[in-house]
Amino acid sequence: MNTVDNANPIPKHLPQNLIRLAELSQNLWWSWTLEARQLFEQIDPTLWYFTHHNPVRLLQEVKPERLQELAHDPVFVRFYSAVMKRFDEYRLGNGTWYGKTYGHPKSPSIAYFSAEFGLHTSIPIYSGGLGILAGDHCKEASDLGVPLVGIGFMYPQGYFRQRITPEGWQEAAYAPFNREESPIRPALTPSGTPCKITVVMGHRTVAAQVWRVEVGRIVLYLIDTDVPENNPENRALSARLYGGDQEIRLCQEILLGIGGVRMLRELGINPTVFHANEGHSAFLTLERIREFVQKGSTHAEASELVRQSTVFTTHTPVPAGHDVFPYYLMDRYFTGYWEQLGLSREEFLRLGETPESRGQGFNMTALAMNLAAHVNGVSREHGRVSREMWQHHWPGLATDLIPIKSVTNGIHAPTWIGPDMSQLYGKFIGPDWAERCDEQTQWQRVSDIPDSQLWAVRQHMKRRLMGFIRERARTGWINGHLQSSQVIARGTLLDPEALTIGFARRFATYKRATLLFSDLERLKRLLQNHWRPVQLVFAGKAHPADEPGRYFIHEVVNFCNDHKLGGHVAFLEDYDMHMAKFLVQGVDVWLNTPRFPLEASGTSGMKAALNGVINCSVLDGWWKEGYNGANGWGIDPLPPSTDQHEQDVHDAEELYRLLEQEIVPLYYQRDLDGTPRGWLQMVKECIRTIAPQFCTKRMVKDYVETMYSKAAVRTPSSW
Ligand SMILES: *Cc1c(COP(=O)(O)O)cnc(C)c1O
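Every chain begins its residue count from 1, and numbering advances along the sequence as written. pLDDT decides what is reported in this predicted model: residues at 70 or higher carry local features, side-chain atom pairs at 80 or more are listed and counted, and totals for whole chains, interfaces and linings draw on all residues regardless. The basis for every side-chain value is the complete set of heavy atoms in the structure, and neither hydrogens nor water enter the calculation.

Moving on, we get to the domain arrangement of the chain. Note that the domain bounds reflect an automated or database-derived domain assignment. Structurally, the chain comprises domain 1 (16–92), domain 2 (97–409 + 701–713) and domain 3 (492–689). Using C-alpha coordinates to define each centre, domain 1 is positioned 37 Å away from domain 3.

A few words now on the site of the ligand. Note on definitions. A residue lies near a molecule or strand when any single heavy atom of the residue is within 4 Å of it. Taken together, 14 residues are adjacent to the ligand, and Arg-505, Lys-511, Thr-603, Ser-604 and Lys-607 come closest. Whenever two N or O atoms come within 3.5 Å, that pair is a polar contact, provided that in protein one can donate a hydrogen and the other can accept it, and provided that, for residues adjacent in sequence, both atoms are side-chain atoms. For the ligand, an oxygen atom lies 2.8 Å from a polar atom in the side chain of Lys-511. Between an oxygen atom of the ligand and a main-chain N or O atom of Thr-603, the distance comes to 2.6 Å. Here the ligand, which alone exposes 390 Å², has 96% of that area covered by the protein. Strands here are runs of E lasting at least two residues and helices are runs of H or I lasting at least four, both read from the DSSP assignment and numbered beginning at the N terminus. At the level of secondary structure, the elements contributing two or more residues to the shell around the ligand comprise helix H8 (129–144), helix H24 (577–586) and helix H25 (604–610). Of the residues belonging to the shell around the ligand, the class tally is five nonpolar, five polar and four charged. Three or more residues apiece are contributed to the shell around the ligand by two domains, here domain 2 (97–409 + 701–713) and domain 3 (492–689). Surface exposure here means Shrake-Rupley accessible area, sampled with a 1.4 Å probe, where a residue is shielded only by the protein chains that are shown. Under the scheme applied, nonpolar residues are Ala, Val, Leu, Ile, Met, Phe, Trp, Tyr, Cys and Pro; charged residues are Asp, Glu, Lys and Arg; polar residues are all the others, including Gly.

To continue, consider the sheet that holds strand E16 (residues 534–539). With parallel pairing, the six strands of this open sheet are ordered in space as E17-E16-E15-E18-E19-E20. The sheet is open, and its two edges are formed by strand E17 (569–572) and strand E20 (633–635), each paired on a single side. For this sheet the average axis-to-axis angle between neighbouring strands, irrespective of direction, equals 20 degrees. Contacts were defined at the residue level, with two residues in contact if any of their heavy atoms lie within 4.5 Å. Inter-axis angles, ranging from 0 to 180 degrees, are taken between N-to-C directions of lines fitted to C-alpha atoms, where helices are fitted over the stretch in contact. On top of the sheet, helix H22 (residues 520–527) reaches E16 and E17; it is set at about 115 degrees to E16, its chief contact. Sheet strands in contact with H24 are strand E15 (499–504), E16, E17 and strand E18 (589–592), and its direction is about 160 degrees off that of E16. Paired strands are those between which DSSP finds at least two bridges.

Nonpolar core, defined: a set of buried Ala, Val, Leu, Ile, Met, Phe, Trp, Tyr and Cys residues in which side-chain atoms within 4.5 Å join the residues together. For each residue, the accessible area found with a 1.4 Å probe, counting protein chains only, is set against the maximum for its type, and the residue is called buried under 20%, exposed over 50%, and partly exposed in between. Counting 135 residues, the largest nonpolar core has Phe-283 and Phe-334 as its most contacted members. Here this core spans two domains, and each of domain 1 (16–92) and domain 2 (97–409 + 701–713) adds at least three residues to it. When residues no more than four places from it in sequence are discounted, the contact partners of Phe-283 are Leu-250, Glu-253, Ile-254, Gly-257, Ile-258, Met-330, Phe-334, Phe-362, Met-364 and Leu-367.

Here the focus is the UniProt feature "modified residue: N6-(pyridoxal phosphate)lysine" (unreviewed entry) in the chain. UniProt positions are given in the numbering used here, feature names are shortened, and annotations may be inferred rather than shown by experiment. Listed under "modified residue: N6-(pyridoxal phosphate)lysine" (unreviewed entry) in the UniProt record, and renumbered for this structure, are Lys-607. Counting through the fold element by element, Lys-607 comes out in helix H25. What makes Lys-607 buried here is its relative accessible area of 5%. In contact with Lys-607, other than residues within four places in its own chain, are Ile-132, Ile-411, Trp-416 and Val-584.

A word on the UniProt feature "domain: DUF3417" (unreviewed entry) in the chain. Residues given the UniProt feature "domain: DUF3417" (unreviewed entry) here are residues 14–123. In residues 14–123, helix accounts for 55% and strand for 4%; the two terminal C-alpha atoms are 24 Å from one another.

Along the chain, the position of Lys-581 falls in helix H24. In contact with Lys-581, other than residues within four places in its own chain, are Thr-415 and Trp-416.

Below, the discussion takes up the pattern of salt bridges. Any Lys or Arg side-chain nitrogen located within 4 Å of an Asp or Glu carboxyl oxygen qualifies as a salt bridge. This model, assessed by the stated rule, comprises 52 salt bridges. Between Arg-522 and Glu-653 there is a salt bridge, with its nearest N and O atoms 2.9 Å apart. With Arg-522 in helix H22 and Glu-653 in helix H27 (residues 644–668), this pair connects stretches of sequence that are 131 residues apart. By relative accessible area, which is 13% here, Arg-522 ends up buried. Across the pair Arg-677 and Asp-673 runs a salt bridge whose closest N-O atoms are separated by 3.8 Å. Judged by relative accessible area, Arg-677 falls into the partly exposed class, the value being 34%. Relative accessible area serves as the criterion here: at 56%, Asp-673 is assigned to the exposed category. A cluster of three or more residues bridged by salt bridges with shared partners is formed by Arg-20, Glu-23, Asp-88, Arg-91, Arg-212 and Glu-214.

Multiply 1.5 Å by the residue count of a helix minus one, and that product is the helix's expected span. For helix H20 (residues 451–478), spanning 28 residues, the distance from its first C-alpha to its last is 40 Å, which sits close to the expected 40 Å at 1.5 Å a residue. At the C-terminal side of H20, Gly-480 shows a positive phi close to 80 degrees.

Aromatic rings from Phe, Tyr and Trp, taking only the six-membered ring of Trp, are treated as a pair when their centres fall within 6.5 Å; an angle between ring planes under 30 degrees marks them as stacked, one over 60 as edge-to-face, and anything in between as tilted. Applying the stated criterion across every chain, the model contains 39 aromatic pairs. Between Trp-338 and Phe-348, the aromatic rings sit 5.4 Å apart at their centres with planes inclined by 40 degrees, giving tilted as the arrangement. Residue Trp-338 is located in the loop between helix H13 (327–334) and helix H14 (345–350), and its partner Phe-348 is located in helix H14; the two are separated by 10 residues in the primary sequence. Neither Trp-338 nor Phe-348 differs from the other in exposure class; each is buried. Every member of this aromatic cluster is reached through a ring pair, and the members are Phe-283, Phe-334, Tyr-337, Trp-338, Phe-348 and Phe-362.

Leaving glycine out, the prevailing phi sign among residues is negative, and the prevailing peptide bond configuration is trans. Along the chain, Phe-596 connects to Pro-597 via a cis peptide bond; the corresponding omega equals 0 degrees. Turning to its location among the elements, Pro-597 is positioned in the loop between E18 and H25. Even without being a glycine, His-53 presents a positive backbone phi close to 55 degrees. Its identity is not glycine, yet Glu-278 carries a phi of approximately 75 degrees, on the positive side. By secondary structure assignment, the location of Glu-278 is in the loop between strand E9 (273–277) and helix H11 (284–294). With a relative accessible area of 7%, Glu-278 lands in the buried category.

For strand E2 (residues 148–153), the tally of buried residues reaches six of six residues, placing the bulk of the element in the interior. Note: strand E1 (residues 110–113) against E2, four bridges, orientation parallel. Of the residues in E2, the one forming a bridge with Phe-113 is Ile-151. Handedness of a crossover: with both strands directed away from the viewer, a clockwise path from the first strand across the helix to the second marks it as right-handed. Between the parallel elements E1 and E2, the chain passes through H8 in a crossover that is right-handed. Here E2 runs beside strand E8 (residues 218–224); their pairing, made up of five bridges, is parallel. In the sheet register, Ile-151 faces E8, and the bridge partner there is Tyr-221.

This paragraph deals with the packing of H22 against H27. The geometry of H22 relative to H27 is characterised by a closest axis approach of 11 Å and an angle of 20 degrees between their N-to-C directions. Viewed along their axes, H22 and H27 adopt a mutual orientation that is roughly parallel. In the crossing of H22 with H27, the sense of the turn from one axis to the other is left-handed. Along the contact surface, H22 presents Arg-522, Leu-523 and Leu-526, while H27 presents Glu-653, Tyr-656, Arg-657, Leu-659, Glu-660 and Val-664. For the contact of H22 with H27, the per-class residue count stands at five nonpolar, no polar and four charged. In this scheme, roughly parallel covers angles under 35 degrees and roughly antiparallel covers those over 145, while 65 to 115 is roughly perpendicular and the rest are oblique. Note on convention: the crossing is left-handed when the near helix lies turned anticlockwise from the far helix by less than a right angle, right-handed when the turn is clockwise.

For the pair H27 and helix H28 (residues 677–690), interaxial distance at closest approach is 6 Å and the crossing angle is 115 degrees. Overall, the two elements H27 and H28 adopt an arrangement that is roughly perpendicular. Mapping the contact onto sequence places Ile-663, Leu-666 and Tyr-667 in H27 and Gly-678, Trp-679 and Met-682 in H28. Its residues placed into classes, the contact of H27 with H28 shows five nonpolar, one polar and no charged.

This is the structure we're talking about:
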C-alpha cells in the first residue's frame, strides 16, 4: 500500500502469523482504537502498564516464549485478524465524511503547521494545550478523511520531565528520547531517498533531516537538525521544545516555516491551503511569497496569492503572549532574504508590525495577520477579544466587521474517552457513537443509561485513578526517588469514596492554581468534614523560565505536605497525556480558575465532560459558550478592567460558595442504595450538551467548511 512500510523495523522473535503487529504499532491509529489497545494489552498486561502503553517498546521487550504462546492461541489470533482487518479498512478510507462531501482527494491539499504536536506520551514533542489540540486535529482529519499533512519538529530531547524536590520545587530534567522506542521513521522523497533539507539563514547553513509519523490515514512530518552535517550549535537547534533563548527560537521558527515549505517540495507535496496553528510557523508565508516571486510574480501578486491560501489560528488573548523578535536578530537572519521577496528592508520589517507597534520588533502574530486572509480565534469569546485586540490593524473598521472568525476548540473523543465509559456509550447510545460524536440527537439517549450503571462506571474510573496514583508513588518510593514523607503528598491517602476535585494544566499564573487556598480555614472545613470529605488532585508543569509559575507549584506542594490538610491534597509529578487521561476520567469535578478573559479556549474541561466529570469553571474560553446553567457550575467573573486582587477575591468567594452550598451537598445527597441521583442528573446533562458540541468532529468540519474551503478557492490550480 505504501512503500515506506518497508522502513518499519520488525522486532525479532515476532512470529510469522502475528508479523503485522509491528506495522500496527507504527501507526498511531492503535492509540485511539479500543480493540487495538486491548490487543496490545493482552500480549502482556504488566509490560503494557510499565511501558506506559507503548506498543513499540512492548514488542521489543516481550518474552519470545510469550509471543510463541500467543501465536498458537486461536482466540488471540482471531482477535488479531479482526483488528488488522479493521485497520486495513480504515486505511482504505472509503465513505469518509470528506470523501462524500468533497470527493476523494488524490494527494494532501492542506498543510497544517504547528510547533508542537501532542499525539501520544511516547512522542514527547508537546508542552500543553496547543500541542494536544494539534494532535487531536490530525487524528480527526484522519477519521474524517480530510487530506491533511502535519508539519512540525522532532525535538530529540522533547519537552522537559518534571521532578519535585523534597523541598517542593520543580526541577526540569531533559533526557534524550529514544526514537527506536517510538513510531517515528525516516521520511523518504518520491525517489526513495531520505528526505533532507538545507536552510541558509544569515551566516548559518542548517541541514535537517525529516521524520514521519503515521497518524491513521495522514502523515506528520518532523524536522530534525540533529544530523552529522551540522556543527554542534546547529545540531542543537531543534533539541528542545521552548528550551532556548530568543535567537534559538527565531532559528527554530525559520526552520519550521521556511524549512517546512521546502520540505514539502522535497517530498513532492503541493498543498493548496497552508494552516499556521499559532504564529510560530508564520514564516511559511514569506517562503511561499519567495517562490511566487522567483516564478515571475510581482511582490503584490505573490503576497495576495499567499494571503488567500493561508489560514491562521491565533491562541493568545494578550499581546505579550506573542513572539516578538528584535530587529538586530531579524537583520542577522534575513539580510539577503527580503530582496528575494521583492522588498526593501523597511518594507520587509513592516510585515511584522501593526500600525500601533511600529518600531517595537518583528511580531509573528502581526506577520500572520498581514499574510493570512482567513484568521480565527479558538472560542467565540476569544474571537471577540481578538477582534478588539487587532482592531488597530484595520483602521476605521467597526469591531464586529473585523475579519477574525472563531472556531471553538474540540477534543478527539476516541482518544480521551475512558474504556468503560466508551463501552457504556456503545451500549446505550450506539456502537458507532464516536463516529457520530457531533450529532446532537444521538446524545439524547444518555438519559436511557440507568443511574446505577453510570455510577458504577464513574466509581470504577475513580478507583483506576487512585490505583494509578498509588503505583506511581510506590515506584517512586522503591527506586529511591521519593522519600517516605513525600509519599502522602503524592496522593496515597486519597479515598475513592470522597468527592474528588481535579486541577491539571500548565502552571501559568493566569490559571490561578492557588485560588482555592486563599482562605485556608474555609478550605480546611471543606476537606476535613468527616461526613462529606473533599479532596484535591493537582498536576502540571510550569515553564522552567516562569518563576511565578514555579512558585505556584511550590505553594501547592507545601499544602500537600501540610498534615493539617489530612492527606486530602495531592500533587502528581510530571503531568503528561498519559496522566491526563487518568485524571480527566477519574475525578468527580474538573476545576478551572483562569483570570478572565485570558483563557482563549481550554480543552481539558471538554475531556472531563465527555467522561461524565462535571466542570466548575470561570465563565471564560469554551466554558462561556458550553455552560447552560444545568450542566455544571460557572463563576461569573468581574469585568477585566477591575483590579486583579479584587477579581481574585470575588472569584474565590464565588468558588467557596459553590462548593459549600451546591457541589458538596449535591454529591453527598444519596438514595437508600447510595446512588447520588441529582448528581447523575447533572452528569447526564453535561454529557448530553457538551459531547456533541466540543468534539473535534464538529471542530474539523468547521475548519473545512468555514476556513479551508474558502482558502482553497482562489489558489491557481497549478499549486
Ligand atoms: C488537555 C491537556 C492540556 C490542556 O489543558 P487546559 O486545561 O485546556 O489548558 C494540557 N496538557 C495536557 C497533558 C493535556 O492533556
